[in-house]
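The primary structure of each chain is shown beneath.
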Amino acid sequence: GHSTSGGELFSAYGKGIDALDVQGVPARAMERGAGTFKWQRDWGPTVTKGKAARRTKTAAAQGDASYPGFPTMLEQRRSQVTGAPIRVVQLPEVGILGGGGGLLGLPFEELVGARVLLLDETNDISSVYIAHDPGRLTRCYWDVVTVMDPLLPREGSLGFLGFGGGTAAVLAHKYWPDRDMEAWEYDKEVIEVARPHLGVAELEQAPTGALVVTCGDAFGARSAVEGGFAGLFVDLFAASHLLPQLEEEATWAAWLAALRPGGRLLANLGGGDPSDEEGMLKTRSAFVALAAACDLEMTVLEDDGTTMARNVMVLTGPPPDKGAWTQALPPELHHLTEGWVDPMHQ
């Protein structure tokens with residue numbers, strides 16, 4: 001999925017960072033370039049020289065408490081599908097620049113101490129996981145999944161098409177632990193890093209509401225369950241852009257047909273970056289296709305300025321009764337029922 005800019009986040013660290021640690025073995029460095037950091041195959045150029053440089057590398061490798069602002073590379077692989085790098089990075093509990101109560105003085109409080117998944121050279125954060133507080137709200141679009149359950153049939157599972165590192169599933173399980181979950185992710189390497197580092201293994205072993213992850217094509221006939229899904233969350237991107245199949249009405253019609261009666265589909269259509277003209281055009285095209293497939297029976301989340309990732313979120317089905325919807329949710333989720341509008345009656 002497409003979320004907050006990792007390039008923006010990592011560029012905030014400045015040149016004070018020399019290297020990251022891959023499971024205790026120093027193996028990568030970050031070099032500033034084009035406004036973001038690029039991950040080098042070897043150590044790459046260092047900011048400091050001589051003994052100071054060696055001390056910095058050693059501290060990063062050993063997790064020295066004297067360097068609390070260093071992120072740590074937990075694992076790095078290369079996708080067998082796209083050839084792009086797949087990285088899990090542990091962000092520090094405190095930022096090296098400090099200030100403002102957020103990470104490095106930026107409004108990323110929810111990311112302090114988090115593990116983040118970076119799927120390609122864009123450095124967009126594709127998943128977030130807080131190991132000491134799984135399911136903590138992220139202030140990003142994944143949070144919206146937590147308010148689906150009261151609107152869904154009691155029977156049936158919640159499906160995830162475009163699983164990524166499983167942030168949405170971790171959130172859903174925290175608030176609705178009895179709801180079974182099924183997920184499809186095309187890239188096996190993504191699943192393999194998500195299991196040990198992003199809480200996916202724990203979900204697969206949960207006594208109730210267990211998660212079943214399938215490595216496969218979300219567009220195929222296999223992305224269905226007997227009796228139909230109670231709900232589907234669609235979050236399918238590559239290199240920060242929606243997959244082209246989402247611009248086709250037939251794609252959405254097939255997924256809507258995979259729902260049981262009363263089921264709903266929640267779609268992340270991206271569009272959070274007005275400067276990305278291609279991305280905005282794809283978002284508009286996908287919106288039109290989905291609207292046609294569901295006969296305009298949909299509700300759209302307007303940007304209320306409270307999220308870091310201002311993505312277009314669409315929920316199919318009749319407009320929810322806001323009062324009943326809110327009452328069915330824990331208090332900490334009430335704000336997520338705000339800002340939904342019926343595009344036919346604005």
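As the structure is a prediction and not an experimental result, all values here were calculated from the model.

**Structural notes on helix α3 (residues 167-175)**
Given 3.6 residues per helical turn, the α-helix brings residues three or four places apart onto the same face. Taken across its 9 residues, α3 has 8 buried, putting it largely inside the fold. For α3, the complete set of buried residues consists of Thr167, Ala168, Ala169, Val170, Leu171, Ala172, His173 and Tyr175.

**Things to note about the sheet that holds strand β15 (residues 298-301)**
Reading across the sheet, the 8 strands line up as β10-β9-β8-β11-β14-β16-β15-β17 and stay open at both edges, with mixed pairing between neighbours. Bordering the open sheet on either side are β10 (211-215) and β17 (340-341), each of which pairs with just one other strand. Here helix α4 (residues 188-197) sits on the sheet and contacts β9 (181-185) and β10; the angle it forms with β10, its principal contact strand, is near 150°. On the sheet, helix α6 (residues 249-257) packs against β8 (158-161), β11 (229-234), β14 (259-268) and β16 (313-316) and is oriented at approximately 135° with respect to β14.

**Brief notes about the pattern of salt bridges**
Summed over the entire model, instances satisfying the criterion amount to 8 salt bridges. Residues Asp149 and Arg154 are paired through a salt bridge, measuring 3.3 Å at the closest nitrogen-oxygen approach. By relative accessible area, which is 7% here, Asp149 ends up buried. We classify Arg154 as exposed; its relative accessible area is 54%. Each of the salt bridges in this network shares a partner with another, and the network as a whole consists of Glu75, Arg77 and Glu189.

**Topic: the packing of aromatic side chains**
Throughout the structure, instances matching the rule amount to 7 aromatic pairs. Aromatic side chains Tyr141 and Trp142 sit 4.9 Å apart centroid to centroid with 35° between the ring planes, which places their arrangement in the tilted category. Tyr141 gets classed as buried once you look at its relative accessible area, which sits at 3%. By relative accessible area, Trp142 is classed as buried at 2%.

Criteria and cut-off values
- Residues numbered from 1 in each chain as written.
- Predicted model: local features only at pLDDT ≥ 70, side-chain atom pairs only at ≥ 80, totals over all residues.
- Heavy atoms only, no water.
- Buried < 20%, exposed > 50% of the residue type's maximum accessible area, 1.4 Å probe, protein only.
- Helix = DSSP H or I, 4+ residues; strand = E, 2+ residues; numbered from the N terminus.
- Pairing = 2+ DSSP bridges.
- Contact = heavy atoms within 4.5 Å.
- Axes fitted to C-alpha atoms, helices over the stretch in contact; angles between N-to-C directions.
- Salt bridge = Lys/Arg side-chain N within 4 Å of Asp/Glu carboxyl O.
- Phe/Tyr/Trp six-rings, centres within 6.5 Å; stacked < 30°, edge-to-face > 60°.

Shape is all these values report; function is a separate question.
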